[in-house]
Amino acid sequence: MGKTYRIITYGCQMNVHESEKIAGLLEEDGYVPYSENEAADVVVLNTCCIRENAETRVLGNLGILKKEKENHPDMKIVVCGCMTQADGAAEKLKARCPFIHAILGTDNLDKLPQVLAENAKKTRIEISQEHKLKENIPAVRSLGVNAWVNIMYGCNNFCSYCIVPYVRGRERSREKKQIIADVRELVSRGYSQITLLGQNVNSYGNDLGDKNNDFASLLSDLSDIEGKFRLKFMTSHPKDIVSQTVDVIANSDKLSHFIHMPPQSGSDRILKLMNRRYTAGGYLEKVAMIKDKVPDAGLSGDVIVGFPTETEADFADTLKLVSVAEFANLYTFIYSRRSGTPAAEMDGQVSVADKKRRISELIDKQFVISCRLAERCVGKTYEVLGTEYKKGKMIGETKCGKAITYAGSKDAVGKFVSVRVTDNKNSKLYGEII
Ligand code: SAH
Ligand code: SF4
Ligand code: F3S
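Residues numbered from 1 in each chain as written. Chains lettered and ligands numbered in written order. Predicted model: local features only at pLDDT ≥ 70, side-chain atom pairs only at ≥ 80, totals over all residues. Heavy atoms only, no water.

Participant: Quick question: what am I supposed to make of the overall build of the protein here?
Facilitator: A count of helices and strands for the protein gives 12 helices and 19 strands. Relative to the 2.2 N^0.38 estimate, which gives 22 Å for 434 residues, the radius of gyration of the protein is 22 Å and therefore close to what a compact globule would have. For the protein, the C-alpha atoms occupy an extent of roughly 60 × 55 × 45 Å along the three principal directions. Relative to its 434 residues, the protein shows a buried fraction of 51%. Long-range contacts, defined as pairs at least 24 residues apart, comprise 72% of the intrachain contacts of the protein with a sequence gap of at least 6. Accessible area of the protein: about 19800 Å², with a carbon and sulfur share of 50%. (Helix = DSSP H or I, 4+ residues; strand = E, 2+ residues; numbered from the N terminus. Rg over C-alpha atoms; globule rule 2.2 N^0.38 Å. Buried < 20%, exposed > 50% of the residue type's maximum accessible area, 1.4 Å probe, protein only. Contact = heavy atoms within 4.5 Å. Areas by Shrake-Rupley, 256 points an atom, 1.4 Å probe, with all protein chains shown as cover.)

See the structure below:
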């Protein structure tokens with residue numbers, strides 16, 4: 001039997017997919033997945049540092065793993081992902097947790113097999129700030145319905161609260177032909193849903209120097225690929241989503257009508273401080289443009305409450321934007337101070353009590369909206385892709401991204417069926433196959 005590995009993943013879809021690549025590298029090297037009731041020979045923590053609580057969870061888990069390693073001294077613990085790339089973070093982690101075997105940066109994953117072959121006593125650090133594109137890292141994909149495909153890495157936007165540009169480097173788009181080849185292969189392997197990944201997919205191609213090679217043309221070419229599948233993407237920066245892209249979404253039978261487009265705030269003053277480069281009015285114009293061209297679009301967004309200097313009036317503007325935009329789903333975050341970002345240095349940090357009160361008010365407001373939108377679905381019929389079999393029921397997703405629970409057997413996963421919505425319970429939809 002080969003040595004075993006375990007991967008613990010934190011953070012966004014980008015990291016979820018990167019963990020598939022880590023698994024690919026390890027399996028190519030002869031490692032096999034561990035079974036849950038035993039200690040793995042190699043434990044990889046794929047970390048996130050977007051908010052403080054993400055880092056706290058990683059450190060908590062390292063504490064647990066330290067104890068496990070005391071009982072299994074040969075266990076090798078490797079830390080990789082975004083947390084390792086922050087300024088001075090790797091050295092600090094090494095000093096705090098000397099039992100870590102290696103710390104690898106987000107662009108140094110290919111060193112994993114080599115590093116694991118070594119038996120050095122001291123923590124090995126491999127971090128490059130170059131952020132070069134690396135193709136051909138094999139991925140062990142989860143056997144579900146969805147396959148992830150990176151179309152770009154990094155971010156150029158420098159929203160003032162956000163650590164991502166510092167840990168992930170500048171935007172690098174993958175060549176279109178590579179992306180098309182990946183999607184074609186995944187569809188032929190039976191994946192019914194492909195999700196394209198990038199921090200800001202709408203700026204795809206900007207760095208490739210060919211104006212015709214933009215996100216809209218990528219989507220259009222991908223939707224020409226033969227086969228029955230659904231194409232999703234995330235995330236869309238509101239300043240960069242253009243009508244040509246929305247036209248492709250409206251006219252393609254493959255593209256999902258679910259669009260994740262975070263507003264972050266509804267206050268123009270705060271949006272400016274956040275360096276988002278749009279106003280609340282501009283955001284809502286984009287929403288109106290999308291709903292005009294794609295009437296059944298399902299919108300989701302992210303909102304941060306308690307950004308430095310946010311007043312009750314600013315927060316009221318956010319509540320207003322949220323009620324006009326009518327998100328099907330809203331992800332709400334309490335502002336977290338990230339050292340090295342401009343917002344961390346700003347005066348007027350908001351108290352924890354105010355942040356907590358605002359987030360719960362926002363969650364309550366969104367709940368009412370989600371319930372209202374869900375109620376409108378009752379009685380309607382949707383084409384649903386079965387995504388999961390859970391507790392004897394199927395869960396599927398509509399073209400506009402709504403989840404519906406319906407009766408079905410396990411082999412309905414990955415299949416498209418027509419489902420009529422019969423019930424809405426607290427914004428959760430239930431239906432039956434027709
Ligand atoms: N690239 C994507 C999202 C990346 S991070 C985009 O631009 O939309 C995911 C979400 O985390 C962000 O949309 C934001 O709402 C939230 N976020 C990022 N930095 C944060 C911080 N310092 N504190 C709280 N939330 C944060
Ligand atoms: Fe962060 Fe802004 Fe880039 Fe998104 S667009 S990753 S929020 S800097
Ligand atoms: Fe994603 Fe967290 Fe990194 S949100 S890009 S894993 S900092």
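Participant: Help me understand the pairing of strand β17 (residues 403-406), please; the structure alone is not making it clear to me.
Facilitator: Within a regular strand, the side chains alternate between the two sheet faces. Two elements, strand β16 (residues 393-398) and β17, share four bridges in a ladder whose sense is antiparallel. Directly across from Glu 397, in β17, lies its bridge partner Ala 403. As consecutive antiparallel partners, β16 and β17 are separated by four residues, and within that stretch Gly 401 has a phi angle of approximately 90 degrees, a positive value. Bridge count for β17 against strand β19 (residues 428-433) is three bridges, and the pairing is parallel. Opposite Ile 404, over in β19, you have Leu 429 as the bridge partner. (Pairing = 2+ DSSP bridges.)

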